[in-house]
Amino acid sequence: MIYVEQLITSFIASAAFGIIFNAPKESLFKCGFSGMVGWIVYFALDYNGFGTVFATLMASFLIAVISQVFAKAYRTPVIIFSVAGIIPLVPGGLAYDAMRNFVENDYNIAISLAAKASMISGAIAVGLVFSEVINQVIRRSNLGPTK
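So, here's what we can say about the structure.

Conventions we followed
- Residues numbered from 1 in each chain as written.
- Predicted model: local features only at pLDDT ≥ 70, side-chain atom pairs only at ≥ 80, totals over all residues.
- Heavy atoms only, no water.
- Helix = DSSP H or I, 4+ residues; strand = E, 2+ residues; numbered from the N terminus.
- Polar contact = N/O pair within 3.5 Å; in protein donor to acceptor, adjacent residues only side chain to side chain.
- Contact = heavy atoms within 4.5 Å.
- Phe/Tyr/Trp six-rings, centres within 6.5 Å; stacked < 30°, edge-to-face > 60°.
- Lys NZ or Arg CZ within 6 Å of the ring centre and 35° of its normal.

1. Brief notes about the side chain of Thr52
Along the chain, Thr52 turns up in helix H3 (residues 52–74). Polar contacts involving the side chain of Thr52 include one to the side chain of Asp46, which spans 3.2 Å. In this structure Thr52 touches Tyr42, Asp46, Lys116 and Ile120, once residues within four positions along its chain are discounted.

2. What to know about the packing of aromatic side chains
All told, the structure shown has 11 aromatic pairs when counted by the stated rule. Ring centres of Phe70 and Phe81 lie 5.5 Å apart, and the angle between their planes is 65°; on these two criteria the pair is classed as edge-to-face. Placement of Phe70 in helix H3 and of Phe81 in helix H4 (residues 78–86) is noted, with a sequence separation of 11 residues between them. Through a chain of ring-to-ring contacts, three or more aromatic side chains come together here, namely Phe33, Phe70, Tyr74 and Phe81. Across the ring face of Tyr74, the terminal group of Lys30 is positioned such that the distance to the ring centre comes to 4.4 Å.

Dropping the structure here:
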């Protein structure tokens, strides 16, 4: 039951951000789908003890792969699907809590939360970049000169 709730809410969040991001109407379902798949991978890995940073890395990598497939299949920019898909993974609440603790002069907790938010943000970036690097390697190996 908890997975169904996670699927629905992550789909809505990603599709809604697609609306805010002015994504084409025909791509909103795909935006929601990429965010939903990424979030459920994150949720399952984190829930099973793999750690938040690793779960975020794997989820962002998968979102980037899905985004590249959608972009190629529907001839649209990758960024439409990847930005909307990444939204559920962004550690906004964690960053807010870090800043709140800084304001309340609770520096030990604030630094701990800020470091975790930074690591999660870095995992998102690494997952997206790693997927693009693999995509470029595959493209070059298929388009290179043949002997």
